Amino acid sequence: VQLQASGGGLVQAGDSLRLSCAASGRTFRTYAMGWFRQAPGKEREFVACISGSGGSTYYTDSVKGRFTISRDNAKNTVYLQMNSLKPEDTAVYYCAAARDYRRTESRDYIYWGQGTQVTVSS
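Per chain, residues are indexed from 1 in the order of the written sequence. Owing to the predicted nature of the model, reporting of local features is limited to residues with pLDDT of at least 70; listing and counting of side-chain atom pairs is limited to 80 or more, with chain, interface and lining totals taken over all residues. With hydrogens and water set aside, each side-chain value is computed from the structure's full complement of heavy atoms.

Q: Can you explain the state of the cysteines? Please cite residues and give values.
A: The disulfide definition used here is simple: a pair of cysteine sulfur atoms within 2.5 Å. Summed over the entire model, instances satisfying the criterion amount to 1 disulfide. One disulfide in the model links Cys21 with Cys95; its S-S distance is 2.1 Å. Where Cys21 bonds to Cys95 through sulfur, the torsion about that S-S bond is close to 65°, and the disulfide is right-handed. On the criterion of sequence distance, the pair formed by Cys21 in strand β3 (residues 17-23) and Cys95 in strand β9 (residues 91-98) is long-range, its members being 74 residues apart. The pair formed by Cys21 and Cys95 is uniform in burial state, with each residue classed as buried. Per the convention used, a helix needs a DSSP run of H or I reaching at least four residues, while a strand needs a run of E reaching at least two, with both numbered from the N terminus. Three labels apply to residues, based on accessible area from a 1.4 Å probe with only protein chains included: buried if under 20% of the type maximum, exposed if over 50%, partly exposed otherwise in between.

Rendered as structure tokens:
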């Protein structure tokens, strides 16, 4: 599976962005998908994940109520809708694929996209 993330950019605090992650291959629906982020000088951290069917989602506490993960298996794409963005959301965002749902550790994800930069100004 190859993953291509897009949709990042420079926005102001309070704005919204939608990230997309397009996947290759016909097995996309068999993978749980996750979004991670890495800010400068910090470790990569889990943001959200979604089951293969899209019926279950899970978020880190800092983004609950602001971010929404979704997927369209017909389009082999997973999304991250980010609302009410804060400067602390500034990071490179990565999409990744895992065999099991509700994995929050980077080591549990086997395929990774290249990352897309999100910068939120105050």
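Right, picking up where we left off after that structure.
Q: For the sheet that holds strand β1 (residues 3-6), give the residues involved together with the corresponding values.
A: Two strands make a pair as long as DSSP finds a minimum of two bridges between them. Read from one edge to the other, the open sheet built from 4 strands follows the order β1-β3-β8-β7, with strand pairing classed as antiparallel. Looking at which strands have only one partner, the edges of the open sheet turn out to be β1 and β7 (67-72). In this sheet, adjacent strand axes meet at a mean angle of 15° when their direction is disregarded. Relative to β3, β1 is paired through 4 bridges, and the arrangement is antiparallel. Bridge pairing links Ser6 to Ser20 in β3. As a rule, the C-alpha atoms of each element are fitted with a line to give its axis, helices using only the stretch in contact, and angles between N-to-C directions run from 0 to 180 degrees.

Q: Residue-level account of the pattern of salt bridges, with values.
A: For this analysis, a salt bridge means a side-chain nitrogen from Lys or Arg found within 4 Å of a carboxyl oxygen belonging to Asp or Glu. Going through the model one piece at a time under the given rule, you end up with 6 salt bridges. The partner of Arg37 in a salt bridge is Asp89, with the nearest N and O atoms 2.9 Å apart. Of this pair, Arg37 sits in strand β4 (residues 32-38) while Asp89 sits in the loop between β8 (77-82) and β9; the two residues are 52 residues apart in sequence, bridging distant segments of the chain. Residue Arg37 is classed as buried on the basis of its relative accessible area of 5%. Linking Asp89 and Arg66 is a salt bridge whose minimum nitrogen-to-oxygen distance equals 2.8 Å. A residue pair is termed long-range when its members are at least 10 positions apart, and Asp89 in the loop between β8 and β9 and Arg66 in the loop between β6 (57-59) and β7 qualify at 23 residues.

Q: Explain the nonpolar core residue by residue, including any values.
A: For soluble globular proteins, nonpolar side chains are generally found buried alongside one another. Joining through side-chain atoms within 4.5 Å is the link that ties buried Ala, Val, Leu, Ile, Met, Phe, Trp, Tyr and Cys residues into a set, and such a set is a nonpolar core. By size, the foremost hydrophobic cluster in this structure holds 29 residues, and its most contacted members are Met33, Trp35, Leu80, Met82 and Tyr93. For this core, the secondary-structure elements that each account for two or more residues are β1, β3, β4, β5 (45-50), β7, β8, β9 and β11 (116-121).

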